[in-house]
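What the coordinates show
So you can see what is in the structure, the chains are spelled out below.
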Amino acid sequence: IRSGAPLMIRDFQARLNNTSTAYLVTEEGDIVDRDTMPEDRQVTRSALIVPMILESQVTGVMQILSYRLDAYGQDDLRMLESLTSQITVASHNALLYQQTQRRLQELQMIYQSAQRLQLLHTPDALAQEITDVLEEYHKRSGKSFKEANPTPGNIAGGLTTLVEKSLGGVRKGG
């Protein structure tokens with residue numbers, strides 16, 4: 001797969017026997033040595049494995065497995081290759097769309113904040129607007145920047161939060 005070449009494995013167990021390390025994962029999620037697997041247990045007998053390639057890099061893998069020996073042919077492999085390339089592009093496009101939407105939201109927030117900042121005339125109003133903007137930005141990460149702790153030196157100086165430190169800096173700057 002690292003080579004980017006698709007694989008059609010007609011006898012998966014024979015191929016597995018030629019590997020130096022092999023283990024099986026049961027339906028319950030337990031990892032067992034292949035020698036301890038019960039004979040009557042259904043195991044993968046054949047497989048199609050096609051790398052998901054984007055911009056000359058393998059980004060994932062599509063697998064179709066069967067309990068039947070020699071279950072797939074060249075037509076099946078070609079079909080999976082075709083589907084895999086389409087799924088890879090669609091998946092990448094969805095990721096790009098999500099990133100673009102996040103960036104658009106950030107830029108809209110910055111633009112709206114810049115418009116509000118133009119209307120503020122006092123240091124306290126400016127500090128509050130900056131605090132509100134940062135809080136909104138950090139809500140998206142699931143954490144509040146207000147909960148972050150200042151350095152030990154700041155704590156020794158009497159500060160208990162980063163907000164206090166920031167507001168003090170704004171006030172000093174006028």
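What counts, and at which threshold
Residues numbered from 1 in each chain as written. Predicted model: local features only at pLDDT ≥ 70, side-chain atom pairs only at ≥ 80, totals over all residues. Heavy atoms only, no water. Helix = DSSP H or I, 4+ residues; strand = E, 2+ residues; numbered from the N terminus. Buried < 20%, exposed > 50% of the residue type's maximum accessible area, 1.4 Å probe, protein only. Contact = heavy atoms within 4.5 Å. pLDDT = per-residue confidence, 0-100. Pairing = 2+ DSSP bridges. Axes fitted to C-alpha atoms, helices over the stretch in contact; angles between N-to-C directions. Salt bridge = Lys/Arg side-chain N within 4 Å of Asp/Glu carboxyl O.

1. Details of the overall build of the chain
A tally of regular secondary structure across the chain gives five helices and five strands. Along its sequence from the N terminus, the chain presents helices and strands in the succession β-α-β-β-β-β-α-α-α-α. Looking at the chain as a whole, 21% of its 174 residues are labelled buried. Pairs at least 24 residues apart make up 48% of the contacts formed inside the chain by residues separated by at least 6 positions.

2. Here's the deal with the confidence of the model for the chain
With 77% of its residues at a pLDDT of 70 or more, the chain shows a mean pLDDT of 81. Confidence, expressed as mean pLDDT per element, reaches its minimum in the chain at helix α5 (residues 162-173) with 62 and its maximum at strand β4 (residues 46-54) with 94.

3. Overview of the sheet that holds β4
Through backbone hydrogen bonds, the strands of a sheet pair up, either in parallel or in antiparallel fashion. One open sheet holds the three strands; their spatial order is β1-β4-β5, and the pairing between them is antiparallel. Sheet topology places β1 (7-9) and β5 (57-66) at the edges, where each strand pairs with a single neighbour. Taking each pair of neighbouring strands and ignoring which way they run, the sheet shows an average axis angle of 15°. Across the sheet, helix α2 (residues 74-118) lies against β1, β4 and β5, angled at about 35° from β4, the strand it touches most.

4. Overview of the pairing of β4
Counting buried positions along β4 yields eight of nine residues, so the element is predominantly enclosed. Here β1 runs beside β4; their pairing, made up of three bridges, is antiparallel. What sits directly across from Ile 9, in β4, is Ala 47. Direction of pairing for β4 relative to β5: antiparallel, over a ladder of nine bridges.

5. A closer look at unusual backbone geometry
A positive phi angle is found at Ser 56, which is not glycine, with a value near 65°. Secondary-structure assignment places Ser 56 in the loop between β4 and β5. Look at Ser 56 and you get exposed, because its relative accessible area is 75%. Even without a glycine there, the phi angle at Asp 70 is positive, about 55°.

6. Considerations on the pattern of salt bridges
Throughout the structure, instances matching the rule amount to three salt bridges. Two residues, Arg 10 and Asp 70, come together in a salt bridge whose shortest N-O distance is 2.7 Å. Of the two residues, Arg 10 is situated in the loop between β1 and α1 (12-17) and Asp 70 in the loop between β5 and α2; the sequence distance between them amounts to 60 residues. For Arg 78, the salt bridge is made with Asp 75, and the minimal N-O distance between the two is 2.4 Å. Residue Arg 78 and its partner Asp 75 are located together in helix α2, separated by three residues, close to a single helical turn. Asp 75 gets classed as exposed once you look at its relative accessible area, which sits at 58%.

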